[in-house]
Amino acid sequence: MAEMSDVFFVDGMRTPFGRAGEKGMYWNTRADDLAVKAIIGLMERNPDVPKERIDDVAIAATSQTGDQGLTLGRSAAILAGLPMTVPGFAIDRMCAGAMTSVTTMAGSIGFGMYDLALAGGVEHMGRHPIGSNADPNPRFVAEKMVDPGALNMGVTAERLHDRFPQLTKERADRFGMQSQLKAQAAYDSGKIQPDLVSVAIKNADGAWGLATEDEGRRPETTMEGLAALKTPFRPHGRVTAGTSSPLTDGATMGLLASGDAVKQFGLAPKMRLVSFAFAGVQPEIMGIGPIPSTEKALQKAGLTIDDIGLFELNEAFAVQVISLLDHFGVADDDPRVNQWGGAIALGHPLAASGVRLMIQLAAQFAERPDVRYGLTAMCVGLGQGGSVVWENPHYTGKKKK
């Protein structure tokens, strides 16, 4: 009988995130090649991990078609040069795809079936715009199961402002601006770059270049500039491009291991998985999804929100993050939250984003031995939320000097 095991996040890497569309740096790059680059970068950084011992490769994508289809986990594993004996599969939980890749692999490791696994996600929103090739069942609308606006994420964000009047446009604008400023400060101090794998890119003229950093950042953002932006989802609305994550291309990959594998291969894990949970909410207000999923994950861990020393919350929209903070009594500008900025500045390549949150939390844990627990959480299209609670292996209990 296999025994239950601890699950460790050993390491994670990602491609730089590019702006989706013809002007974006990955317009001429295949989606599967982005996932392959993330695997290669991660395995090169962890040479003590024998490739043939990887038990499975789980890669998520929201639009599983074209160069983002063909059972991504298996096809990317082959393309990345892993042995043919390593299996793989694809996952779809929209925005929480990579998060679900991690929790699915974690279940297999925790149950003693796997020792090592790769888990990540990719989204090329330029080649595969959200909802392209999708054919929602007409019953959703005909039988009033789901409001038609629920399939437009910007509309769902406007509805959070409607439902919670205290979540003002000014608060959302300030949060969006801070995301940009924090992301640039993190870049300036070299926090983000170590976990990026460079990608060779070809421009429209056929000239080669190298993608080395996230393309969508706007550090010059001001409150005045944000106040003047259009509200594309509703006339006189409150959600703008400045308080939304941009359409983004990119891939992420994480390496997970059992306690036995950590010992056997002399690995130095960056985080230990404590608990995880997913929850459903009404699709038309999908942004509140991480509230019940976080409550569930905290309950399973025997913790409260006060035990969380660092938060990495996916900024699909500013209003979505501040709705969670408001619910748990955390200030919009609490220093524990998204210290290095978030998706508003860095981008949100749907299914890839969950592991970006983990990569940033892991790097912050290394700097903060005074912090024991951290949270990665995100909202998910069609009314879901996902949350993972992590423990810092560097925790000493002593305050950082």
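Residues numbered from 1 in each chain as written. Predicted model: local features only at pLDDT ≥ 70, side-chain atom pairs only at ≥ 80, totals over all residues. Heavy atoms only, no water.

The name an unreviewed UniProt entry gives the protein chain is acetyl-CoA C-acyltransferase, with Microbacterium schleiferi as the organism. As its UniProt record puts it under Sequence similarities (unreviewed entry), the protein chain is described as follows: "Belongs to the thiolase-like superfamily. Thiolase family." (UniProt positions renumbered as here; feature names shortened; annotations may be inferred.)

Draft legend 1. Examining the pattern of salt bridges more closely. Scanning the model with the defined rule gives 23 salt bridges in all. Between Arg368 and Asp370 there is a salt bridge, and its shortest N-O distance comes to 3.0 Å. On the basis of relative accessibility, which here comes to 15%, the residue Asp370 falls in the buried class. One salt-bridge network, in which partners are shared between bridges, spans Asp6, Arg272, Arg372 and Glu391. (Salt bridge = Lys/Arg side-chain N within 4 Å of Asp/Glu carboxyl O. Buried < 20%, exposed > 50% of the residue type's maximum accessible area, 1.4 Å probe, protein only.)

Draft legend 2. How the structure looks around the packing of aromatic side chains. One pass over the structure, following the stated rule, counts three aromatic pairs. For the ring pair Phe9 and Trp390, a centre distance of 5.8 Å and an interplane angle of 75° mean the geometry is edge-to-face. Here Phe9, found in strand S1 (residues 7–14), pairs with Trp390, found in strand S12 (residues 384–391); they are 381 residues apart in sequence, far enough to count as distant. Of the two residues examined, Phe9 and Trp390, each falls in the buried class. (Phe/Tyr/Trp six-rings, centres within 6.5 Å; stacked < 30°, edge-to-face > 60°. Helix = DSSP H or I, 4+ residues; strand = E, 2+ residues; numbered from the N terminus.)

Draft legend 3. Seen up close, the packing of helix H9 (residues 290–301) against helix H10 (residues 318–328). Contact geometry of H9 with H10 gives a least axis separation of 10 Å together with a crossing angle of 45°. Between H9 and H10, the angle falls in the class oblique. Here the hand of the crossing between H9 and H10 comes out right-handed. Across the interface between the two elements, Pro290, Ile291, Thr294 and Glu295 of H9 pack against Gln320, Ser323, Leu324, His327 and Phe328 of H10. Tallied by class, residues from the contact of H9 with H10 come to four nonpolar, four polar and one charged. (Axes fitted to C-alpha atoms, helices over the stretch in contact; angles between N-to-C directions. Parallel < 35°, antiparallel > 145°, perpendicular 65-115°, else oblique. Left-handed = near helix turned anticlockwise from the far one by under 90°. Contact = heavy atoms within 4.5 Å. Nonpolar A, V, L, I, M, F, W, Y, C, P; charged D, E, K, R; others polar.)

Draft legend 4. Structural detail: unusual backbone geometry. We note that Met94 has phi near 45°; this positive angle belongs to a residue other than glycine. With respect to the helices and strands, Met94 occurs in the loop between strand S4 (89–91) and helix H3 (97–110). Judged by relative accessible area, Met94 falls into the partly exposed class, the value being 26%. The backbone phi angle of Lys144 is positive, close to 55°, even though this residue is not glycine. Along the chain, the position of Lys144 falls in the loop between helix H4 (139–142) and helix H5 (153–163).

Draft legend 5. Inspection of the environment of Asp370 at higher detail. Residue placement: Asp370 occurs in the loop between helix H12 (353–367) and strand S11 (373–380). As a C-alpha pair, Asp370 and Asp214 span 156 residues in sequence and 30 Å in three-dimensional space.

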